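Here is what each chain is made of, one letter per residue.
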Amino acid sequence: MSPTLSEMQGKNYDTVVIGAGINGAATAFELASAGYQVLLVEKHDIAAGASSRSSRMLHCGLRYFETPNPVRTFARYPSRFVNAMKMARASMQARREIVETAPSSVKPFTMCFPLYRGGGIKGWHLDRGFGLLRALGGANPPLDYRKIAKDFEADLPFARDLRDRDRLSAIATYREYVFDWPERFCVDAVLAAEQQGADVLTFCLARLGERTKDGKWCVELSGRDGRAAVHCKLVLNMTGSWIDEVNGVHIDNDKTLPLIRGTKGAHIVVRLPSAYDGFGIATINRNGMPFYCLPSHDDYFYFGPTETPFEGDATNVSASNADIDFLLDEANYMLPALKLKRSDVAFTWAGVRPLTFDRQEHMGRRSREIHELSDRGLPNVFAMTAGPLMTHRSAAREMLQRVSAVLKAPDKPKTLTPSYRISNAPCVSGDPISSDKLDEWVRNSIANEHARDLKGILYTRTGIAWRGHLERSLVQQAANTAARLLKWHDERKRREVDEFLDYQRTVFRNATTNLAQDANIQLKMGEIIYETQQHS
């Protein structure tokens with residue numbers, strides 16, 4: 001388990017990786033497996049940011065070609081087509097790797113793309129698009145692409161709910177996947193890095209200090225058990241939406257452009273009839289962006305995402321009333337027969353995409369980029385922007401290559417394992433949870449997986465809370481078990497339960513939560529989190 005900060009004082013590392021989201025966790029694993037001395041440090045919990053708030057898709061890359069009038073768009077902006085090709089190739093490669101090495105962690109479904117007479121996307125656009133995908137990524141896992149031109153309900157029983165049936169010319173179908181539990185990739189990568197010799201600190205703030213005479217960075221650490229300073233040859237800033245904050249101590253922000261352009265993506269979760277089982281729907285929303293209806297668990301489906309600029313702290317970002325209204329409007333435009341209302345929304349979530357800042361791109365660049373920051377006064381500091389969840393393994397290998405180009409490979413590298421094991425989700429259905437099972441999951445999360453609060457147990461490590469809002473009785477039972485292991489006093493235990501219930505009610509809110517009250521609750525939660533990090 002994690003060393004104490006007093007034990008860390010003065011230690012030397014090859015690399016300090018800041019940020020235990022999916023890309024930071026996977027990078028720490030690759031570096032430790034190659035024999036480098038690595039410290040992975042995270043100011044909150046594992047997967048606390050965008051890694052747990054994405055659209056949870058392992059997609060084939062078609063979405064990068066999805067734009068109104070794609071031929072006209074790409075002809076006018078050829079660089080966009082080049083980037084789309086690059087990202088589509090990465091998506092197909094990631095799709096194959098994850099399906100082959102962690103098949104139980106993703107769920108296949110049939111994606112359906114309705115085509116309308118007079119619409120901007122034609123059937124031949126998709127034919128060409130899937131031809132490109134096959135050329136970029138090979139035949140496995142198969143795309144299973146086909147177009148249905150008549151008798152839609154015979155193959156796709158939900159088709160009766162689609163809009164403008166009189167203009168529906170065809171429905172294209174193909175195989176896609178969703179992650180049952182993306183947080184597990186983060187947790188298991190961290191545990192695998194630790195097994196390879198990396199040190200791991202969570203709920204610990206890392207700041208760049210001064211460089212020593214021999215060129216090493218001093219990284220200042222502060223957490224629940226005090227403060228320490230360590231030294232390293234390289235720093236990898238893998239903090240996503242917080243990259244500029246971490247860099248900013250050393251950069252004149254009035255003169256230096258940011259690296260990150262944050263965009264917010266929100267989702268709503270609803271129950272749908274059995275006609276939708278095994279299917280998802282893809283389209284272009286009325287703002288010209290990809291929009292999906294995706295299967296979750298049991299009869300739950302989610303619609304999204306939104307795409308709006310975001311500024312500020314992304315820690316507890318949630319779906320706003322405007323987000324929910326937009327998503328309901330687009331869902332009802334896609335499937336008017338459902339007549340979805342705010343009362344149908346079981347819960348919501350939102351995340352902030354850490355895209356690459358670009359003056360020419362209002363919403364930022366989506367292609368993954370690695371930045372060497374010596375031109376910003378940060379020699380031997382690297383940062384990654386726009387690294388999506390699904391391509392985290394190739395991102396980690398690319399970071400290893402960049403580190404290896406600067407640091408001499410270890411004399412006796414450890415055996416490099418091709419990938420790390422992904423745990424099976426203990427709870428991805430609506431089946432009742434026994435007291436014994438819940439206690440077992442809580443104990444394992446704390447004893448073996450760095451969990452230190454109920455959110456980290458019930459969302460990140462077990463996935464229980466992703467099934468829907470939990471009742472106080474279940475949260476209380478989890479807190480009773482956690483309190484025995486973490487030595488919480490009664491007041492701390494009560495506070496943990498209240499904080500968790502407030503968190504799921506506000507950050508994973510339904511469509512009727514009072515937002516004015518939310519703002520006060522989230523401010524209070526932020527103060528408590530800070531206090532806990534500094535003093536608990």
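Keep in mind that this is a model prediction, so the values were computed, not measured.

J.: I'm lost on the overall build of the protein in this one. Help?
T.: Check the secondary structure of the protein and you find 15 helices and 19 strands. A compact globule built from 536 residues would reach a C-alpha radius of gyration of about 24 Å, and the protein, at 23 Å, matches this within 12%. A principal-axis box enclosing the C-alpha atoms of the protein has dimensions of 70 × 55 × 45 Å. Out of the 536 residues in the protein, the part that is buried amounts to 58%. Long-range pairs, those at least 24 residues apart, make up 75% of the contacts in the protein between residues at least 6 apart in sequence.

J.: Is there a simple way to think about the packing of aromatic side chains in this case?
T.: Remark: the centre distance and the inter-plane angle together describe each pair of aromatic rings, the angle taken between the planes. As enumerated under the stated definition, the model contains 18 aromatic pairs in all. Put simply, the rings of Tyr302, Trp349, Tyr459, Trp466, Phe500, Tyr503 and Phe508 pair up and form one aromatic cluster. Above the plane of the ring of Trp466 lies Arg56, whose end atom (NZ or CZ) is 3.9 Å from the centre. Geometry around Tyr333 places Arg286 over its ring, the cationic atom sitting 4.1 Å from the centre.

J.: Sorry if this is basic, but what is going on with the packing of helix α4 (residues 78-101) against helix α10 (residues 392-406) here?
T.: Two quantities define a packed helix pair, namely the angle between the axes and the distance from one axis to the other. Their axes nearest at 9 Å, the elements α4 and α10 cross at an angle of 105°. Classified by the angle between their axes, α4 and α10 sit roughly perpendicular to one another. Counted together, Glu97, Ile98 and Thr101 of α4 and His392, Arg393 and Arg397 of α10 form the full contact between these two elements.

J.: Mind showing me how you'd approach the pairing of strand β4 (residues 106-116) here?
T.: Here is the key point about a regular strand: its side chains alternate between the two faces of the sheet. Taken across its 11 residues, β4 has 8 buried, putting it largely inside the fold. Taken together, the 11 bridges between β4 and strand β6 (residues 168-179) define a ladder with antiparallel strand orientation. For Phe109, the partnering residue across the bridge sits in β6 and is Glu176. As defined by bridge partners, β4 adjoins strand β12 (residues 279-284) across 3 bridges and the pair is classed as parallel. Counterpart to Cys112 in the pairing with β12 is Ile281.

J.: Explain the nonpolar core here, please?
T.: In globular proteins that are soluble, nonpolar side chains generally tend to be buried together. Formed by 61 residues in total, the largest nonpolar core has its most connected members in Leu454 and Leu458. When residues in this core are grouped by element, the largest group, 6 residues, is from helix α13 (residues 472-486). If near-sequence neighbours (up to four positions away) are discounted, Leu458 is found in contact with Leu438, Gly463, Ile464, Ala465, Leu470, Val475, Ala478 and Phe500. In this structure, Ala32, Ala198, Met238 and Ile422 belong to the second largest nonpolar core, which totals 49 residues.

J.: Quick question: what am I supposed to make of the environment of Asn424 here?
T.: Tracing the backbone shows Asn424 in the loop between α10 and α11 (435-448). Here Asn424 falls in the exposed class, since its relative accessible area comes to 52%. Considered as a pair, Asn424 and Gly118 are 306 residues apart in the sequence and their alpha carbons are 45 Å apart. Residue contacts for Asn424: discarding those within four places in its chain leaves Ser104 and Trp181.

J.: Sorry if this is basic, but what is going on with unusual backbone geometry here?
T.: Trans is the prevailing form of peptide bonds, just as negative phi is the prevailing case for residues other than glycine. With an omega of -10°, the peptide bond running from Asn140 to Pro141 counts as cis. Relative to the helices and strands, Pro141 resides in the loop between α5 (123-137) and β5 (146-148).

J.: Can you help me understand α13 in this one?
T.: For the α-helix, the turn length of 3.6 residues means that residues three or four positions removed from each other point alike. The first and last C-alpha atoms of α13 sit 20 Å apart over 15 residues, in line with the 21 Å expected at 1.5 Å per residue. Those residues of α13 lying buried are Leu474, Val475, Ala478, Ala479, Thr481, Ala482 and Ala483. Taken together, the buried residues of α13 touch α11, α12 (454-461) and α14 (490-506). Immediately downstream of α13, the backbone of Lys487 shows phi near 60°, a positive value.

J.: How should I be thinking about the pairing of strand β11 (residues 260-271) in this particular structure?
T.: Of all 12 residues making up β11, 11 are buried, and the element is well covered by its neighbours. Of the strand pairs in this sheet, β11 and strand β16 (residues 347-358) are connected by 10 bridges, and their pairing is antiparallel. What sits directly across from His267, in β16, is Trp349. Looking at chain direction, β11 and strand β14 (residues 300-304) are connected through 4 bridges and run antiparallel. From the neighbouring strand, Val270 faces β14, where its bridge partner is Phe301.

J.: Looking at this model, I keep getting lost on α10. Mind explaining?
T.: For α10, which comprises 15 residues, the first-to-last C-alpha distance of 21 Å matches the rise-based estimate of 21 Å (1.5 Å per residue) to within 8%. Turning to α10, its buried residues number three or more, namely His392, Arg393, Ala395, Ala396, Met399, Leu400 and Val403. When α10 is viewed along its axis, its buried side chains cluster within an angular range of 155° and face the same direction. In α10, the exposed positions that point more than 90 degrees away from the buried face belong to Gln401 and Ala405.

J.: Would you explain the packing of α12 against α14 in this entry?
T.: Contact geometry for α12 and α14: axes closest at 9 Å, N-to-C directions at 45°. As far as their axial angle goes, α14 and α12 are oblique. The segment α12 lies against α14, with Leu454, Lys455, Leu458 and Tyr459 engaging Glu496, Val497, Phe500, Tyr503 and Gln504. Here the contact of α12 with α14 is built from residues that sort into 6 nonpolar, 1 polar and 2 charged.

J.: I keep staring at the environment of Lys107 and nothing clicks. Help me out?
T.: Turning to its location among the elements, Lys107 is positioned in strand β4. Along the primary structure Lys107 and Gly120 are separated by 13 residues, whereas in three dimensions their C-alpha atoms are 30 Å apart.

J.: Whenever I open this one, the pattern of salt bridges confuses me. Can you help?
T.: Side-chain pairing between opposite charges can occur once the charged atoms of the two side chains come close. Counted under the stated rule, the structure contains 31 salt bridges. As a salt-bridge pair, Arg163 and Asp164 come within 2.6 Å of each other at their nearest N and O atoms.

The rules we used
- Residues numbered from 1 in each chain as written.
- Predicted model: local features only at pLDDT ≥ 70, side-chain atom pairs only at ≥ 80, totals over all residues.
- Heavy atoms only, no water.
- Helix = DSSP H or I, 4+ residues; strand = E, 2+ residues; numbered from the N terminus.
- Rg over C-alpha atoms; globule rule 2.2 N^0.38 Å.
- Buried < 20%, exposed > 50% of the residue type's maximum accessible area, 1.4 Å probe, protein only.
- Contact = heavy atoms within 4.5 Å.
- Phe/Tyr/Trp six-rings, centres within 6.5 Å; stacked < 30°, edge-to-face > 60°.
- Lys NZ or Arg CZ within 6 Å of the ring centre and 35° of its normal.
- Axes fitted to C-alpha atoms, helices over the stretch in contact; angles between N-to-C directions.
- Parallel < 35°, antiparallel > 145°, perpendicular 65-115°, else oblique.
- Pairing = 2+ DSSP bridges.
- Core = buried A, V, L, I, M, F, W, Y, C linked by side-chain atoms within 4.5 Å.
- Expected span 1.5 Å × (residues − 1).
- Arc of directions from axis to C-beta.
- Nonpolar A, V, L, I, M, F, W, Y, C, P; charged D, E, K, R; others polar.
- Salt bridge = Lys/Arg side-chain N within 4 Å of Asp/Glu carboxyl O.

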